[in-house]
Amino acid sequence: MNRKEKKHFWHNPRFRYGGLSTLLLCVAIAVIIVINAVVMDMEKKNGWRVDYSFNAMTTIGDQTEQLLQGLNKPVHIYALFSKGQEDAPLMELLDRYAAFSPMITWEQADINLNPALLTKFSSPTGDQTVSNDSLIVHCPQTDRFRVLSPADFISMSLNYEEGRYEIAGLKYESEITSAISYVAGDTIPRVVIVQGHGELTEEETEPFNQLMQLNNYEITYMNLMADRPEPTDVVVLFSPVRDLMDQEMEVLKDFAGHGGALLMTCDYTDPMDNMPNYQSLLRSYGCLPQKGIVVADKSEPASYYNNYRINLIPDMQMTDMTMNLVSSGADVLLLTGSAAFALPEEGDRNLDAQAVLTSTAGAYLKDVSAGTLSLDKAPGDLSGPFALAIRARRTTAEGYISRAVAVGCSTMFTSSQVQAMTNAQEFILTAVGYLFGNQNTNLGIMAKTAIRPQLSAASAGMGSFVITLLPFAVIALALIILVPRRRR
């Protein structure tokens, strides 16, 4: 090819315009790719991606934002997922945490490639197991960590019709936020469970213990003859059947006198007549135990469950402790075999006691100590309503405020099934928060709905309108374009 032919080739319109178009197209594609990569990176760092999921799974709420704003210690999260096996919504949620607070960082890790994580974050008690598909939330400054397994992100509910448990919600945000609060907290509130009087065993109270630990409370068992609780603790007496000794009473009086708080339960089978010291402790907070079991009246089926009239569905009262539960509708509880309390008469200006759970007016108190087999009401049986749980606040001689909560039934603390069926967990956490002076380690973040709700007639209206409108819009657009052309 000579010089003239070369010049003609380079000036050929097919090459000039076709090549230029191709070049511009390649440049445009390259620019779009770069812009897309930059935007995606900025979107990830700043949490700009809009959450269009039906349950807002990857959106963080006000409680989480408030916690993250006050975070003053760095927290690093390991997402233990193999490549290609990631939980996409969980990863996007972690991006939002990191975007909202510079104190939060996270990385994806595979324990098959990084087995050192197993050693570094192994729990001495064995209650936290590190495995793939889990999260490790770690604060280097406190050196506390929490392992969140896939099961921790699922909330279960009982299907009454089929008699089985099923997935009801997803707890990504609540579990992660709670773990961050735990590992980065300055102190961990301690719940002291008293032993030595035939109280409920550690195995029986396992549902309560797990609930406390998952909500950032430390559980400690204590014998009052050998140790003393701190005034910042909450002391728990789970239905003792042997009385407190005088020396133990002195320990508790000193504890309460300096602002200590108590959570107490007593079941209708407890020998209260043989425990004058425990009765005295309850009475000091306005809780006067009454002999017998509370039985619902047959004419009030809404006040008991499953045709068993000792399975009480109590009325939750609007008090300073329970107002949030009542207003949000989280007020459904189940008390199986409940004792009752009589409220004190007016006159003690240093004591403020209120019933937080009550029976209906038709309920009655049945004394079964004589061995009677019938639960039917008999002459002489006391009629309701009865106080089934009481919250109290006493001003001590030392000028402190000592709080107490007494419950006439231990079932909600010992039964995982009751906790799954009712709002027992919410009530327990609210009561413990009240005892700690409304220190709310439970952030109250609700689980996100796991199953997309079915469309109703109302929700389908907009979709039907759009589907109907779409073909008419296409026809109208076609007419706008074709009619002018036909007239030319």
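Residues numbered from 1 in each chain as written. Predicted model: local features only at pLDDT ≥ 70, side-chain atom pairs only at ≥ 80, totals over all residues. Heavy atoms only, no water.

A look at the confidence of the model for the chain
Low pLDDT marks regions whose predicted coordinates should not be analysed in detail.
Then comes step 1: Of all residues in the chain, 79% attain a pLDDT of 70 or more, and the chain-wide mean is 81.
Then comes step 2: By mean pLDDT, the top-scoring element of the chain is strand β9 (residues 234-238) (96), and the lowest-scoring one is helix α1 (residues 3-10) (55). (pLDDT = per-residue confidence, 0-100. Helix = DSSP H or I, 4+ residues; strand = E, 2+ residues; numbered from the N terminus.)

Considerations on the sheet that holds strand β1 (residues 75-80)
Then comes step 1: Taken together, the four strands give an open sheet; going across it, the order is β2-β1-β3-β4, and neighbouring strands pair in mixed fashion. Edge positions in the open sheet fall to β2 (104-109) and β4 (144-148), since each of these has one partner strand only. Neighbour to neighbour, the strand axes of the sheet diverge by 15 degrees on average, direction disregarded.
Then comes step 2: Alignment of β1 against β2, held across six bridges, turns out to be parallel. Following the sheet pairing, tyrosine 78 is matched in β2 by glutamate 107.
Then comes step 3: Together, β1, β2 and β3 (134-139) form the strand contacts of helix α4 (residues 88-100), whose direction differs from that of β2 by roughly 150 degrees. (Pairing = 2+ DSSP bridges. Axes fitted to C-alpha atoms, helices over the stretch in contact; angles between N-to-C directions. Contact = heavy atoms within 4.5 Å.)

Comments concerning empty space enclosed by the protein
Then comes step 1: Counting across every chain of the model gives one cavity of 30 Å³ or more.
Then comes step 2: By volume, the largest cavity is sized at about 40 Å³.
Then comes step 3: Grouping the amino acids of the lining of the largest cavity by side-chain chemistry returns five nonpolar, four polar and one charged. (1 Å grid on protein atoms, 1.4 Å probe; cavity = no way out; pocket = protein on both sides within 12 Å on 5 of 7 lines; lining within 4 Å. Points joined across faces, edges and corners; volume = space filled by probe spheres on them. Nonpolar A, V, L, I, M, F, W, Y, C, P; charged D, E, K, R; others polar.)

Focus: the pairing of strand β14 (residues 308-312)
Then comes step 1: Relative to β14, strand β13 (residues 304-305) runs antiparallel, the two being bridged by two bridges. Note that in β14 the partner of tyrosine 304 across the bridge is leucine 312.
Then comes step 2: Adjacent in sequence and paired antiparallel, β13 and β14 are bridged by two residues, among which asparagine 306 carries a positive phi angle near 60 degrees.

Focus: the pattern of salt bridges
Then comes step 1: Considering all chains together, one arrives at 13 salt bridges under this definition.
Then comes step 2: Across the pair arginine 96 and glutamate 92 runs a salt bridge, and its minimum N-O distance is 3.5 Å. Taken together, the residues span about one helical turn, with arginine 96 and glutamate 92 both in helix α4 at a distance of four residues.
Then comes step 3: On the basis of relative accessibility, which here comes to 13%, the residue arginine 96 falls in the buried class.
Then comes step 4: Each of the salt bridges in this network shares a partner with another, and the network as a whole consists of Asp320, Asp352, Arg391 and Arg393. (Salt bridge = Lys/Arg side-chain N within 4 Å of Asp/Glu carboxyl O. Buried < 20%, exposed > 50% of the residue type's maximum accessible area, 1.4 Å probe, protein only.)

A short note on the nonpolar core
Then comes step 1: In this structure, Phe208, Met212, Leu357, Met412 and Phe427 are the most contacted members of the largest nonpolar core, which totals 47 residues.
Then comes step 2: Sorting elements by how many residues they give to this core places helix α13 (residues 424-435) first, with eight residues.
Then comes step 3: Other than its neighbours up to four places away in sequence, methionine 412 contacts Leu333, Leu335, Leu357, Val407, Val418, Gln419, Ala424, Phe427 and Ile428.
Then comes step 4: Residues Met249, Cys266, Leu282 and Ala355 belong to the second largest nonpolar core, which totals 30 residues. (Core = buried A, V, L, I, M, F, W, Y, C linked by side-chain atoms within 4.5 Å.)

Focus: the side chain of asparagine 209
Then comes step 1: By the element assignment, asparagine 209 lies in helix α7 (residues 206-214).
Then comes step 2: Asparagine 209 has contacts with Ile193, Glu202, Ile219 and Tyr221, leaving out every residue within four places of it along the chain.

A closer look at a nonpolar patch on the surface
Then comes step 1: There is a patch of nonpolar side chains on the surface, built from Leu23, Val27, Val31, Ile35 and Val39 and spanning about 420 Å² of accessible area.
Then comes step 2: Position of isoleucine 35 among the secondary structure elements: in helix α2 (residues 13-46). (Patch = residues over 30% accessible without salt bridge, like charges linked within 9 Å, V, L, I, M, F, W, Y side chains within 5 Å. Areas by Shrake-Rupley, 256 points an atom, 1.4 Å probe, with all protein chains shown as cover.)

Some words on the environment of methionine 321
Then comes step 1: Within the element layout of this structure, methionine 321 appears in the loop between β15 (315-316) and α10 (323-328).
Then comes step 2: Filtering out sequence-adjacent residues up to four positions away, methionine 321 remains in contact with Val356, Arg391, Val405, Phe427, Thr430, Ala431 and Tyr434.

Considering the sheet that holds β13
Then comes step 1: The three strands lie next to each other as β13-β14-β16, forming an open sheet whose pairing is antiparallel. Two strands bound the open sheet, and with one partner strand each, they are β13 and β16 (335-336).
Then comes step 2: Where β14 and β16 come together, two bridges link them in antiparallel fashion. Bridge assignment links leucine 312 to a residue of β16, and that residue is leucine 335.

Thoughts on a negative patch on the surface
Then comes step 1: Residues Glu202, Glu203, Glu204 and Glu206 make up a contiguous surface patch of negative charge.
Then comes step 2: With respect to the secondary-structure elements, glutamate 202 resides in the loop between β7 (190-194) and α7.
Then comes step 3: Owing to a relative accessible area of 46%, glutamate 202 belongs among the partly exposed residues under this scheme. (Lys, Arg positive; Asp, Glu negative; His and termini not counted. Charge placed at Lys NZ, Arg CZ, Asp CG, Glu CD.)

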